[in-house]
Amino acid sequence: MASVGVALRELRGAQKSAKGVSLYSRYVNRPAGRYLAAGSYGLGLTPNQVTLVSAVFSFAAVAAVALAEPSWGLGAAVWAALAVGFAFDSADGQLARLRGGGSAAGEWLDHVVDCAKLTALHTCVLIAFHRFPEAYGTGSAGWLLVPLGFQFAAVVTFFGGLLTEKLKPRPAPGSPAATPSTLRAVALLPVDYGVFCLVFLLLGGGGMFRWAYAGLGAVAALFLVAFLVKWFRELSAVPR
């Protein structure tokens, strides 16, 4: 256990910048991931193994949404599994830094799992809306378009943000780190994945879940437009 304590101390000083990160990720998910990374280090797990643990929790929750009759108990279980999976998603990168740096294959696996998780989660909400229309109040076919629209916004935001980070020039060595904005961290809460997971606590509420999910989908669409404009402007200023 001593190695876990040492790992925790080292991880506290090896965190990624909080710039562009919501309050949930900064104060909840990353700290939880830090403890999971230290525990994984003590168990001798590799970052890729931690990524797969994250995938197991996440996809178990995703499958439950599609297959199980909605209830308050199911909602609590789904939220817990998604939250733990998200924390392990943070832990794999922290563990990689603790072990001296990640690999291209590890980064690839992490992003593929993230994209698959986003796609599958909204697909399974669509399946649930179709299978249990009485419980969710989704008898109208128009409600089936909501998960499709949410999925579109989430996946394009994920891909666009990832591609923007790859295309933007890296800061010059020794340049001062940008100061994280608390206002921006608060503004990003509605599109933080961890905050989104909270909506599944309402699975037993039928119409409450439907409207809360649809509301977050509308917010995601608005943020997508804002992000696309911002990213295009930033990349337009990059010399070719």
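Please refer to the structure placed before this passage.
Every value quoted in this text rests on a predicted model; they were computed, and no experiment measured them.

Engineer: I'm lost on helix α2 (residues 23-43) in this one. Help?
Structural biologist: Along an α-helix, residues three or four apart share an orientation, since each turn contains 3.6 residues. With 21 residues, α2 extends 29 Å from end C-alpha to end C-alpha; this agrees with the ideal 30 Å at 1.5 Å per step. Where α2 bends most, the angle comes to about 35°, and this point is N29, followed within four residues by the proline P31. For α2, every residue scored as buried is listed here: Y24, S25, R26, N29, R30, P31, G33, R34, A37, A38 and S40. At the N-terminal end of α2, a side-chain oxygen is found 3.3 Å from the backbone nitrogen of Y24, two or three residues along, and the residue is S22. At the C-terminal side of α2, G44 shows a positive phi close to 80°.

Engineer: I keep staring at the packing of helix α3 (residues 47-67) against helix α5 (residues 104-131) and nothing clicks. Help me out?
Structural biologist: Any two packed helices are characterised by the angle at which their axes cross and by the distance between the axes. The N-to-C vectors of α3 and α5 enclose an angle of 10°; their axes lie 8 Å apart at closest approach. Considered as vectors, α3 and α5 are oriented roughly parallel to each other. Taken together, the residues that form the contact of α3 with α5 break down as 16 nonpolar, four polar and three charged.

Engineer: How do you make sense of the environment of Q94 when you look at a structure like this?
Structural biologist: Topologically, Q94 is positioned in helix α4 (residues 72-98). Residues Q94 and F209, 115 residues apart in the sequence, show an inter-C-alpha distance of 33 Å. Of note is the side chain of Q94, whose polar atom sits 2.9 Å from the side chain of S90.

Engineer: Before we go on, may I ask you to explain the packing of α5 against helix α7 (residues 145-167) in this structure?
Structural biologist: One way to put it is that α5 packs onto α7 with a least axis distance of 8 Å and a crossing angle of 165°. The orientation of α5 with respect to α7, classified from their angle, is roughly antiparallel. For α5 against α7, the interelement crossing comes out right-handed. Residue-level inspection shows E107, H111, D114, C115, L118, T119, H122, T123, V125, L126 and F129 of α5 in contact with α7, the latter providing P147, L148, F150, Q151, A154, V155, F158, L162 and K166. A per-class count over the contact of α5 with α7 returns twelve nonpolar, five polar and three charged.

Engineer: Honestly, the nonpolar core in this entry has me stumped. Any pointers?
Structural biologist: The tendency in soluble globular proteins is for nonpolar side chains to be buried side by side. Counting 32 residues, the largest nonpolar core has V78, L82, Y193, F196, F200, F209 and Y213 as its most contacted members. Listed by contribution, the elements that provide at least two residues to this core are α3, α4, α5, α7, α9 (193-197) and α10 (207-236). At six residues, α5 tops the list of elements feeding residues into this core. Apart from the residues lying within four places of it in its own chain, the contact partners of L82 are S58, A61, L121, Y193, C197 and F200. Among the nonpolar cores identified, the runner-up in size contains six residues, and A37, V50, L95 and L98 belong to it.

Engineer: Would you explain the environment of P47 in this entry?
Structural biologist: Considering the arrangement of structural elements, one finds P47 in helix α3. Overall, the relative accessible area of 17% leaves P47 in the buried class. With 47 residues separating them in the primary sequence, P47 and Q94 have C-alpha atoms 8.4 Å apart. Here P47 is in contact with D92, L95, A96 and R99, once residues within four sequence places are set aside.

Engineer: Teacher, can you tell me more about a nonpolar patch on the surface here?
Structural biologist: Taken together, F159, L163 and L167 make up a surface patch of nonpolar side chains, about 300 Å² in accessible area. By the secondary structure assignment, F159 is in helix α7. In this structure F159 comes out as exposed when scored by relative accessible area, which is 52%.

Engineer: Is there a simple way to think about the packing of aromatic side chains in this case?
Structural biologist: For any pair of aromatic rings, the description consists of the separation of the ring centres together with the inter-plane angle of the planes. Overall, the coordinates contain 17 aromatic pairs when judged by the stated rule. When the ring of Y193 is compared with that of F196, the centres are 6.2 Å apart and the planes differ by 50°; the resulting orientation is tilted. Taken together, the positions of Y193 and F196, both in helix α9 and three residues apart, correspond to about one turn of that helix. Comparing Y193 with F196 shows no difference in burial state: the two are buried. Residue F196 is classed as buried on the basis of its relative accessible area, which comes to 6%.

Conventions we followed
- Residues numbered from 1 in each chain as written.
- Predicted model: local features only at pLDDT ≥ 70, side-chain atom pairs only at ≥ 80, totals over all residues.
- Heavy atoms only, no water.
- Helix = DSSP H or I, 4+ residues; strand = E, 2+ residues; numbered from the N terminus.
- Expected span 1.5 Å × (residues − 1).
- Bend = angle between axes of the 7 residues up to and from the residue.
- Buried < 20%, exposed > 50% of the residue type's maximum accessible area, 1.4 Å probe, protein only.
- Polar contact = N/O pair within 3.5 Å; in protein donor to acceptor, adjacent residues only side chain to side chain.
- Axes fitted to C-alpha atoms, helices over the stretch in contact; angles between N-to-C directions.
- Parallel < 35°, antiparallel > 145°, perpendicular 65-115°, else oblique.
- Nonpolar A, V, L, I, M, F, W, Y, C, P; charged D, E, K, R; others polar.
- Left-handed = near helix turned anticlockwise from the far one by under 90°.
- Contact = heavy atoms within 4.5 Å.
- Core = buried A, V, L, I, M, F, W, Y, C linked by side-chain atoms within 4.5 Å.
- Patch = residues over 30% accessible without salt bridge, like charges linked within 9 Å, V, L, I, M, F, W, Y side chains within 5 Å.
- Areas by Shrake-Rupley, 256 points an atom, 1.4 Å probe, with all protein chains shown as cover.
- Salt bridge = Lys/Arg side-chain N within 4 Å of Asp/Glu carboxyl O.
- Phe/Tyr/Trp six-rings, centres within 6.5 Å; stacked < 30°, edge-to-face > 60°.

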